Number of protein chains: 2
Amino acid sequence: FHAEWLVGFLPSHCARVFAATKPNMTENGLGHRERVLNVDTMNPNVKRIEYAVRGPVVQRAVQIEKELKEGVKKSFTEVIKANIGDAHAMGQKPITFFRQVIALCVYPDLLEDKFPEDAKNRARRILQACGGGSLGAYSASSGIEVIRQDVAKYIEKRDSGIPSNPDDIYLSTGASDAIVTMLKLLTAGEGKTRTGVMIPIPQYPLYSAALAELAAVQISYYLDEDKCWSLDVGELRRAVKAAREHCNPRALCIINPGNPTGQVQNRQCIEDVIRFAAEEHLFLMADEVYQDNVVVELASFHSTSKCYMGECGFRGGYMEVINMDPEVKLHLTKLVSVRLCPSIPGQALLDLVVNPPQPDEPSYATFIKERTANLHILSEKAKMTEQVLNTVPGIHCNPVQGAMYTFPRLTLPEKAINAEQEQAPDMFYCMKLLEEMGICLVPGSGFGQRDGTYHFRMTILPATEKLKIVLEKIREFHKRFTEEFS
Amino acid sequence: FHAEWLVGFLPSHCARVFAATKPNMTENGLGHRERVLNVDTMNPNVKRIEYAVRGPVVQRAVQIEKELKEGVKKSFTEVIKANIGDAHAMGQKPITFFRQVIALCVYPDLLEDKFPEDAKNRARRILQACGGGSLGAYSASSGIEVIRQDVAKYIEKRDSGIPSNPDDIYLSTGASDAIVTMLKLLTAGEGKTRTGVMIPIPQYPLYSAALAELAAVQISYYLDEDKCWSLDVGELRRAVKAAREHCNPRALCIINPGNPTGQVQNRQCIEDVIRFAAEEHLFLMADEVYQDNVVVELASFHSTSKCYMGECGFRGGYMEVINMDPEVKLHLTKLVSVRLCPSIPGQALLDLVVNPPQPDEPSYATFIKERTANLHILSEKAKMTEQVLNTVPGIHCNPVQGAMYTFPRLTLPEKAINAEQEQAPDMFYCMKLLEEMGICLVPGSGFGQRDGTYHFRMTILPATEKLKIVLEKIREFHKRFTEEFS
């Protein structure tokens, strides 16, 4: 066949054709003038984004790991990362059934091999729903129809039969993708009519980052640390009233279970929030929250990254939209079409999460055993974290009720608060903890906190023995830090 | 363990707690007032987006498929989709080695089974580079380091040893993700200083959609259909000069091989484009193009979706940035961090594409056989498509040199052009072709075309026998359509 075909199709050959290109222009052509794209000319909204979860402390942690590999001597031999909710990286094992089904989908020749029959049936069912029977085909933009049906059934079952419509389900790349899409749809107006979005403080910085990127107005409402990070409608009212002076509040985001704070709001609270959103005419965006008899517009988000499965790397997730204007839904569908579709292995994994092995299937016993074990370990680690941290003078840790995070409060000595002009005091603290102890946490300032209070976020995910070390090292460091700056 | 734990961790239980929530507000609370989010209040930039590849013709095709399933009688028994570059959906088989390695990574117990040793070694190497040795862990935001090194080596080899820096490589979710990210970075200013971006007409509508979303200015330059869709620097000059009157042109996008047009630009042309970009101080964005001695700022994009592998569903890809301002690169890294990371199975697949089996490895022979077969079939189908379409009076088809698309020009009768007020004439044509023949193509108006010219885009991906049917049906339909409106 033709050589042009190789050029056109094989990237490794295609580009060679141009490889000898020599534009032959003035030397150092670039050095003599400013770049097209520089910090002064780049998108100012992007410049304003802050993203602490992968910020300076984490970047320094990566450097230290390299230094350790190169033989640099430190008082510790490894960096323990408790900065991100990444269960598998911390040693949690994948659920066998999930991985068997995905492997069968990836390489269907394995259907001839020794695998449990239910795993094979599940793989056949997913492949049948894929274009050309391959995980390598695009799906509909909102995701594979069969999987959206499974998600709807899962929601229905969870909510005691209240119907859920597969057409309201959009599969996504993790939950982040869907949250950004919803915020994008909601953003409009200029100046005093610019869209405002209410988010909790502390918050997961995806929200503040997306709002900065969209130049939407962030409306902060504070969670009450003294009441285990509870959400108070009085505070919502205060925040929305103040915001109406300078923007158009249009949406309310609630994160439950909390991130970074790890609390679970009670039913009464969620009811109050729904009433508040209806009264104030706000679109409700809810991480993992759901309710029936909904009289507000709502989008809820879920992903395969957390819970007992912890499969972050597959980037699976979904969003359910409720009471969305049908015309807006057409625009939403168009908007998600531009990215074509979420990863198909991620979609397949989501299907298994919403539709796990059933009691009469051969994989059920192992599945329940693995899931229970994962949950049990998390529960133990949550209790241990709370107990140990609360024995340290100057650290106060609320109960870790949900999610896999804790956001303990630090009492820092005055000198430490005044010592560093460039860094927030808790950034200074976390950076020093990393340098001296090899423990990587995220400073509270990256999530927002009441002025004059200091926190860090840590995950409870490191293996039990490692988590013990982490907690002991924090105890030792906090004592030393307090003495040094007193 | 505690019941709260189930609430916190198990989504199926977590949400039940709230399921009985009854806000008990006025009935039809929603019916009595406007929704928060409606077409008047939604993001106007999103409203302006158009995305033909998954537009009305495709949506109607999905409906027709459902109708056929339900037993509705039509003159055809299946819809053949030639609207999207989705190789596997059209029956192309995946490359065995790629799928073996991914299956081994997904379910490492298979490492004990009968698989080629090189596939096992490759899987072990990838898993070792993953957090916790699992595809289920997050990676660095720019992608797994080992894989970025492999991409850099691949580029170096392709370009005869000219070095490539892994720190300039960002792995992405397909190429779309990276292209949107770059356009986002480049967008700034208001009114006459608003960023303008030069894109070819016809173009792949991802570009126009992203520019609409960002409210950046689209600067159209026309490809020359009479010269096989070649790119002429004179036309670039005309377009940029006209644009400087009303915006700030800052970037030039070239799509090579062309989509939807399927041409490959020659080396001289690419050299001219590079000189033009340098002279006009434009940032160059290039689909699958690369060059050494670069004196412009450049981002190039690549994905696992096309070529002989066609693995769209894995959403793997990368971007290489060259001569990017180091400060801007920090912002780019932060921006991609907000989405955490691309799908890990997609990253793993990309690794295999840039680093395929080597001649001394056991899987090499099969790999080459499969790749050659895929390329050979594509080459044959491209020739057949061009030959058959050019026998139809009123259709003119340029040679299909690269990519897997063709964008033939239609001569439409006057009455058909004037008949439809609501639809573009080629939309009318494609919709009728779908209804009468069950063939799904995309109208040229979705990609842009010179005023008064009409086209459709079709992929050459359907299996050879199906492609023959597609081409015959188009021939028959075009004749009938011309008669009906003459």
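For chain A, the name recorded in an unreviewed UniProt entry is Alanine aminotransferase 1, with Oncorhynchus mykiss as its organism. Heading Subunit (unreviewed entry) of the UniProt record for chain A holds this comment: "Homodimer." Listed under Function (unreviewed entry) in UniProt, the entry text for chain A is "Catalyzes the reversible transamination between alanine and 2-oxoglutarate to form pyruvate and glutamate. Participates in cellular nitrogen metabolism and also in liver gluconeogenesis starting with precursors transported from skeletal muscles."

J.: Go over the overall build of chain A, please, and point to the residues and values.
T.: Check the secondary structure of chain A and you find 18 helices and 14 strands. Its C-alpha atoms put chain A at 75 × 70 × 55 Å along the principal axes. Across the 486 residues that make up chain A, the buried fraction comes to 63%. Long-range contacts, defined as pairs at least 24 residues apart, comprise 67% of the intrachain contacts of chain A with a sequence gap of at least 6. In the structure as shown, chain A presents an accessible area of about 18000 Å², 51% of it carried by carbon and sulfur atoms. A gap of 3 Å separates the mean positions of the 55 positive and 60 negative side-chain charges of chain A.

J.: Account for the domain arrangement of chain A, with residues named and values stated.
T.: Residue and element names in this part refer to chain A. Splitting chain A by domain gives domain 1 (52-74 + 368-484) and domain 2 (102-354). Tallying the contact residues gives 23 residues for domain 1 and 20 residues for domain 2. Buried surface at the junction of domain 1 and domain 2, both sides included, amounts to about 1900 Å², of which 56% is carbon and sulfur. When the shortest N-O distance is used, the salt bridge between E225 and R409 registers 3.2 Å. For the interface between domain 1 and domain 2, the tally reads five residue pairs in polar contact (both at pLDDT 80 or more). Listing elements by their share of the side of domain 1 that touches domain 2, those giving two or more residues are helix 15 (364-390), strand 10 (405-406) and strand 14 (454-459).

J.: For unusual backbone geometry, give the residues involved together with the corresponding values.
T.: Note that the residue after I201 of chain A, namely P202 of chain A, is joined by a cis bond; omega there is 0°. Inspection of the secondary structure puts P202 of chain A in the loop between strand 3 (195-201) and helix 10 (206-214). The phi dihedral of A215 of chain B is positive, around 55°, even though this residue is not glycine. Structurally, A215 of chain B can be placed in the loop between helix 10 (206-214) and strand 4 (217-222). Residue classification places A215 of chain B among the partly exposed positions, given a relative accessible area of 27%. Unusually for a residue other than glycine, W229 of chain B sits at a positive phi of about 60°. Within the fold, W229 of chain B resides in the loop between strand 4 and helix 11 (233-243).

J.: Any details on the sheet that holds strand 7 (residues 298-303) of chain A? Residues and values, ideally.
T.: Residue and element names in this part refer to chain A. Across the sheet, which stays open at both edges, the seven strands sit in the order 2-8-7-6-5-3-4 with mixed pairing between neighbours. Every other strand in the sheet has two partners, leaving strand 2 (169-173) and strand 4 (217-222) as the edge strands with one partner each. Looking at each pair of strands side by side, their axes are set apart by 25° on average, direction ignored. Bridging between strand 6 (residues 283-287) and strand 7 involves four bridges; their strand directions are parallel. Paired with D287 across the strands is F301, a residue of strand 7.

J.: Requested: an account of the nonpolar core, with residues and values cited.
T.: M182 and L252 of chain A together with M182 of chain B are the most contacted members of the largest nonpolar core, which totals 239 residues. In this view, L252 of chain A contacts M198, Y221, L236, V273, F276, A277, L282, F283, L284 and M285 of chain A; residues no more than four positions away in its chain are not counted. In this structure, I395, L412, Y429 and M437 of chain A belong to the second largest nonpolar core, which totals 40 residues.

J.: Help me get a handle on the sheet that holds strand 4 of chain B, residues and values and all.
T.: Residues and elements named next belong to chain B. Spatial ordering of the open sheet is given by 2-8-7-6-5-3-4, a layout of seven strands whose pairing is mixed. What marks the edges here is a single partner per strand, and that holds for strand 2 (169-173) and strand 4. Sheet twist, expressed as the mean angle between neighbouring strand axes with direction ignored, is 25°. Along the sheet, helix 14 (residues 344-354) makes contact with strand 2 and strand 8 (316-322), crossing strand 8 at roughly 70°.

J.: Explain the environment of F276 of chain B residue by residue, including any values.
T.: All names here are of chain B. Assignment of secondary structure puts F276 in helix 12 (residues 267-279). Spatially, the C-alpha atom of F276 lies 36 Å from that of G394, the residues being 118 residues apart in sequence. Once residues within four sequence positions are removed from consideration, F276 is found in contact with M198, V233, L236, R237, V240, L252 and L282.

J.: Report on the state of the cysteines, specifying residues and quantitative values.
T.: All names here are of chain B. The full count for this structure, using the stated rule, is zero disulfides over all chains. Here C253 stays unpaired: no disulfide links it, and the sulfur of C247, its closest cysteine neighbor, is 13 Å away. Just so you know, C397 is unpaired, no disulfide at all, and the nearest cysteine sulfur is the one on C228, 9.8 Å from it. Residue C397 is classed as buried on the basis of its relative accessible area, which comes to 2%.

J.: How would you sum up helix 7 (residues 117-129) of chain B? Please name residues and give values.
T.: Residue and element names in this part refer to chain B. Between its first and last C-alpha, helix 7 extends 19 Å over 13 residues, near the 18 Å set by a 1.5 Å rise per residue. Turning to helix 7, its buried residues number three or more, namely D118, A119, K120, R122, A123, I126 and L127. Those residues of helix 7 that are buried are in contact with helix 6 (96-106), helix 14 and helix 15 (364-390).

J.: How would you explain the environment of G85 of chain B if you had to name every residue and give the values?
T.: Tracing the chain through its elements places G85 of chain B in the loop between strand 1 (80-81) and helix 6. For G85 of chain B, a relative accessible area of 1% translates into the label buried. Through-space distance from the C-alpha of G85 of chain B to that of L461 of chain B is 7.1 Å; in sequence the pair is 376 residues apart. Leaving out residues up to four positions away in the same chain, G85 of chain B has contacts with Y138 of chain A together with K306, C312, M404, Y405, R457, T459 and L461 of chain B.

J.: Give a detailed account of the packing of helix 9 (residues 176-186) of chain A against helix 13 (residues 326-337) of chain A, specifying residues and quantitative values.
T.: Residues and elements named next belong to chain A. Remark: helix 9 packs on helix 13, axes separated minimally by 11 Å, with the N-to-C direction vectors making an angle of 130°. Relative to helix 13, the element helix 9 is oriented oblique. In this structure, the crossing between helix 9 and helix 13 has a hand that is right-handed. Of helix 13, the residues touching helix 9 (which contributes T181, K184 and L185) are V328, L332, L335 and V336.

J.: How would you explain the pairing of strand 14 of chain A if you had to name every residue and give the values?
T.: Residues and elements named next belong to chain A. Burial within strand 14 is extensive, with six of its six residues counted as buried. Here strand 10 pairs with strand 14 via two bridges, running antiparallel. Along strand 14, the bridge assignment pairs T406 with M458. Looking at chain direction, strand 11 (residues 409-410) and strand 14 are connected through two bridges and run antiparallel. Residue pairing across strands places L410 opposite Y454, the latter belonging to strand 14.

J.: Please give an account of the packing of aromatic side chains that cites residues and values.
T.: Residues and elements named next belong to chain A. Counted by the stated rule, this structure contains 22 aromatic pairs over all chains. With 5.8 Å between their ring centres and 85° between their planes, F407 and F447 make a pair best called edge-to-face. Taken together, the residues span a long stretch of sequence, with F407 in the loop between strand 10 and strand 11 and F447 in the loop between strand 13 (442-443) and strand 14 at a distance of 40 residues. Classification of F407 as buried rests on a relative accessible area of 2%. We classify F447 as buried; its relative accessible area is 1%. With centroids separated by 5.5 Å and ring planes inclined at 35°, the aromatic side chains of F477 and F481 adopt a geometry described as tilted. In this pair, F477 and F481 both sit in helix 18 (residues 464-484), four residues apart, roughly one turn of the helix. Exposure remark for F477: the relative accessible area of 1% places this residue in the buried category. Each residue in the set F428, Y429, F456, F477, F481 and F485 is aromatic and connected to the rest through ring pairs, giving one cluster.

Calculation notes
- Residues numbered from 1 in each chain as written.
- Chains lettered and ligands numbered in written order.
- Predicted model: local features only at pLDDT ≥ 70, side-chain atom pairs only at ≥ 80, totals over all residues.
- Heavy atoms only, no water.
- UniProt positions renumbered as here; feature names shortened; annotations may be inferred.
- Helix = DSSP H or I, 4+ residues; strand = E, 2+ residues; numbered from the N terminus.
- Buried < 20%, exposed > 50% of the residue type's maximum accessible area, 1.4 Å probe, protein only.
- Contact = heavy atoms within 4.5 Å.
- Areas by Shrake-Rupley, 256 points an atom, 1.4 Å probe, with all protein chains shown as cover.
- Lys, Arg positive; Asp, Glu negative; His and termini not counted.
- Charge placed at Lys NZ, Arg CZ, Asp CG, Glu CD.
- Domains from an automatic or database assignment.
- Buried area = accessible area lost by both parts, 1.4 Å probe.
- Salt bridge = Lys/Arg side-chain N within 4 Å of Asp/Glu carboxyl O.
- Polar contact = N/O pair within 3.5 Å; in protein donor to acceptor, adjacent residues only side chain to side chain.
- Pairing = 2+ DSSP bridges.
- Axes fitted to C-alpha atoms, helices over the stretch in contact; angles between N-to-C directions.
- Core = buried A, V, L, I, M, F, W, Y, C linked by side-chain atoms within 4.5 Å.
- Disulfide = S-S within 2.5 Å.
- Expected span 1.5 Å × (residues − 1).
- Parallel < 35°, antiparallel > 145°, perpendicular 65-115°, else oblique.
- Left-handed = near helix turned anticlockwise from the far one by under 90°.
- Phe/Tyr/Trp six-rings, centres within 6.5 Å; stacked < 30°, edge-to-face > 60°.

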